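# Fold and geometry: a report
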Amino acid sequence: MTARNLLLLLILLMVFACKQDQLSTPTQNLERGLPDETSLNVRLSEYTNERLDYVIEAQRMERFTDRRLLYGYQVTLTSYDRFGVISSVVRADTTIVDDARNIIFANGNASFETPDGNLKTSKMVWERNLDELSAPGYVVLSRSGDILRGTNLRTNAKFSYATLDAVSAEGIIDEADFDW
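Figured I'd write up the structure that's included with this text. (Residues numbered from 1 in each chain as written. Predicted model: local features only at pLDDT ≥ 70, side-chain atom pairs only at ≥ 80, totals over all residues. Heavy atoms only, no water.)

### Some remarks on the side chain of Asn156
- Following the sequence through the fold, Asn156 ends up in the loop between strand 8 (146-155) and strand 9 (162-170).
- In terms of polar contacts, Asn156 uses its side chain to reach the backbone amide nitrogen of Phe159, at 2.9 Å.
- Side-chain polar atoms of Asn156 contact the side chain of Ser160, separated by 2.7 Å. (Helix = DSSP H or I, 4+ residues; strand = E, 2+ residues; numbered from the N terminus. Polar contact = N/O pair within 3.5 Å; in protein donor to acceptor, adjacent residues only side chain to side chain.)

Put into structure tokens, the structure is as follows:
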């Protein structure tokens, strides 16, 4: 093969190899359902204006930055009051923290513990802006040695009131507390 034929072959290869079609291959967009970050054995502290707001500990956590969502698995979420004292502890198999709406969803073996009492259920929603807890299923609420069982709970984080359906109770009743 002569140098001229070799040069011609090389030019032809370069022309066909460098087509514009080959250089601009389209790529697919990432699915919206994929997290921006996935972490294992996590401890995350969330601050509001230099004050510790809550600490999440999870075996696995997925973060969606643009939607301000955290999905946690095997979670313990400890909230603090403005003085830095533990105000509540939420435990659940799965937890979604919606920072945009300031709502916490807890599912599977969910519990909410405060110095004022304890709540155990399978699913609960804590709307932190309203300080309202709701649990649509069966619940066990214990406070000061008294136990309430029922469904469809609505209360606040201090358990100062409780609205339940299909209620049963154990404890000491003071007739002055009832308005029949």
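### What to know about the packing of aromatic side chains
- Counted by the stated rule, this structure contains three aromatic pairs.
- The interplanar angle of 65 degrees and the centroid separation of 5.2 Å between the aromatic rings of Phe64 and Tyr71 together place this pair among those described as edge-to-face.
- Under the relative-accessibility criterion, Phe64 is labelled buried at 4%.
- You can call Tyr71 partly exposed: its relative accessible area is 25%. (Phe/Tyr/Trp six-rings, centres within 6.5 Å; stacked < 30°, edge-to-face > 60°. Buried < 20%, exposed > 50% of the residue type's maximum accessible area, 1.4 Å probe, protein only.)

### Re the nonpolar core
- Formed by 27 residues in total, the largest nonpolar core has its most connected members in Ile56, Leu77, Phe112, Leu119 and Met124.
- Secondary structure elements with two or more residues in this core: strand 1 (37-48), strand 2 (51-64), strand 3 (69-80), strand 4 (86-98), strand 5 (103-114), strand 6 (117-127) and strand 7 (132-143).
- Once you skip the residues sitting within four places of it in the chain, Leu77 turns out to touch Tyr54, Val55, Ile56, Ser88, Val89, Val90, Val97 and Ile104. (Core = buried A, V, L, I, M, F, W, Y, C linked by side-chain atoms within 4.5 Å. Contact = heavy atoms within 4.5 Å.)

### Looking at the sheet that holds strand 2
- Strand order across the open sheet formed by nine strands is 1-2-3-4-5-6-7-8-9, with antiparallel pairing between neighbours. Of all the strands in the sheet, just strand 1 and strand 9 have a single pairing partner and so form its edges. For this sheet, the mean inter-axis angle between neighbouring strands, taken without regard to orientation, is 15 degrees.
- Pairing analysis gives 11 bridges linking strand 1 to strand 2, with the strands arranged antiparallel. Bridge pairing links Leu44 to Ile56 in strand 2. (Pairing = 2+ DSSP bridges. Axes fitted to C-alpha atoms, helices over the stretch in contact; angles between N-to-C directions.)

### What about the pairing of strand 7?
- Relative to strand 7, strand 6 is paired through seven bridges, and the arrangement is antiparallel. Opposite Val125, over in strand 7, you have Ser134 as the bridge partner.
- Taking the residues between adjacent antiparallel strands as the criterion, strand 6 and strand 7 are bridged by four residues, where Asp131 takes a positive phi near 55 degrees.
- Both strand 7 and strand 8 contribute to a ladder of nine bridges, which runs antiparallel.

### A look at unusual backbone geometry
- Within the chain, Asn109 stands out as a residue other than glycine whose phi angle is a positive 50 degrees.
- Examined against the element boundaries, Asn109 turns out to sit in strand 5.
- Unlike most non-glycine residues, Phe159 shows phi in positive territory, near 55 degrees.
- When you line up the elements, Phe159 lands in the loop between strand 8 and strand 9.

### Some words on a nonpolar patch on the surface
- A surface patch of nonpolar side chains, amounting to about 390 Å² of accessible area, comprises Leu7, Leu10, Ile11 and Met14.
- Following the sequence through the fold, Met14 ends up in helix 1 (residues 3-17). (Patch = residues over 30% accessible without salt bridge, like charges linked within 9 Å, V, L, I, M, F, W, Y side chains within 5 Å. Areas by Shrake-Rupley, 256 points an atom, 1.4 Å probe, with all protein chains shown as cover. Salt bridge = Lys/Arg side-chain N within 4 Å of Asp/Glu carboxyl O.)

These figures capture arrangement, not role.
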